[in-house]
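Single-letter residue listing:
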Amino acid sequence: VGLTTPNEAQSPRLLMANLLKQIVEQKGLDNIVLLVMSQHRYLGYFSLETLQAYLRQVMPDISISIEDETSFPEELLAPEAGSKTLVYRVFITEDIKMYKPFFERLWQSKATIINTLESEIRMSKMWLALLHDKSLQALLNEQEIRAILDYVPFTTQVSEQNIDALVSEKNHYIFKSDNAF
């Protein structure tokens, strides 16, 4: 893309691993489970294996596994072990409704459950629209604006103010729900 990054920039996965390490140390936890729902697990939205590798690098003595609702260890659903477990959730809010019995057991396990909402953020196309917002582009330099124009398809939210213009040019656009992968 041609953008420069500070030399001290770290991988986002390494930053996440260090954040999880702080939580594990503060709470005295023994296990980390990276939880994804089976319907999303192999679709490639998020590299759990990469995060797992970073976690093993910063916490070599902690049990770290990738699980879904079908493989989640039964013993970790009991409060004795659950209370010593950090569950990093990589699923969307709608999954809670779909897998309600599993989540009820997970909450009853007293596990520490965290989420940085990246699944929700990645589903929203409005992040792409923000990159094309002229008032926000005033905060960017020319190189950053050029990268957006070169690599991010024009994205906007359909509204009463722009729907007629967008429909008249519909053959030039792809219309998608703003909250879906």
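Asker: Would you take a moment to explain the overall build of the protein for this structure?
Answerer: Each helix and strand in the protein was counted, giving 10 helices and four strands. Tracing the protein from N to C terminus, the helices and strands come up as α-β-α-β-α-β-α-α-β-α-α-α-α-α. Burial statistics for the protein: of 181 residues in total, 37% are counted as buried. Sequence-distant contacts in the protein: of pairs separated by 6 or more residues, those separated by 24 or more amount to 78%. Summed over its atoms, the accessible surface of the protein is roughly 11600 Å², and 54% of this surface lies on carbon and sulfur atoms.

Asker: Which parts of the structure should I look at to understand the pairing of strand β3 (residues 85-89)?
Answerer: Regular strands show a simple pattern: their side chains alternate between the two faces of the sheet. Counting buried positions along β3 gives five out of five residues, so the element sits mostly inside the fold. Side chains Thr85, Val87 and Arg89 of β3 all project onto a buried face; the interleaved residues Leu86 and Tyr88 project onto the opposite face, where all are buried too. Of the strand pairs in this sheet, strand β1 (residues 31-35) and β3 are connected by five bridges, and their pairing is parallel. Residue pairing across strands places Ile32 opposite Leu86, the latter belonging to β3. For β3 and strand β4 (residues 112-114), the ladder comprises three bridges, and the chain directions are parallel. Its bridge partner being in β4, Val87 is matched across the sheet by Ile113.

Asker: Can you walk me through the pattern of salt bridges in this structure?
Answerer: One side chain can pair with another of opposite charge once the charged atoms of both are near each other. Throughout the structure, instances matching the rule amount to four salt bridges. With a shortest N-O distance of 3.8 Å, Lys100 and Glu104 are connected by a salt bridge. Within this pair, Lys100 and its partner Glu104 are both found in helix α5 (residues 100-108), separated by four residues, close to a single helical turn. In this structure, Asp150 and Arg146 form a salt bridge, with 3.6 Å as the shortest nitrogen-oxygen distance. One end of the pair, Asp150, and the other, Arg146, are both in helix α9 (residues 142-151), four residues apart, so they sit about a helical turn from each other.

Asker: Help me understand the side chain of Ser65 in this model?
Answerer: Mapped onto the secondary structure, Ser65 falls in strand β2 (residues 63-67). Since its relative accessible area comes to 16%, Ser65 is described here as buried. Setting aside anything within four residues of it in sequence, one finds Ser65 in contact with Ile32, Val33, Leu34 and Gln52.

The rules we used
- Residues numbered from 1 in each chain as written.
- Predicted model: local features only at pLDDT ≥ 70, side-chain atom pairs only at ≥ 80, totals over all residues.
- Heavy atoms only, no water.
- Helix = DSSP H or I, 4+ residues; strand = E, 2+ residues; numbered from the N terminus.
- Buried < 20%, exposed > 50% of the residue type's maximum accessible area, 1.4 Å probe, protein only.
- Contact = heavy atoms within 4.5 Å.
- Areas by Shrake-Rupley, 256 points an atom, 1.4 Å probe, with all protein chains shown as cover.
- Pairing = 2+ DSSP bridges.
- Salt bridge = Lys/Arg side-chain N within 4 Å of Asp/Glu carboxyl O.

Shape descriptors only; they carry no functional weight alone.
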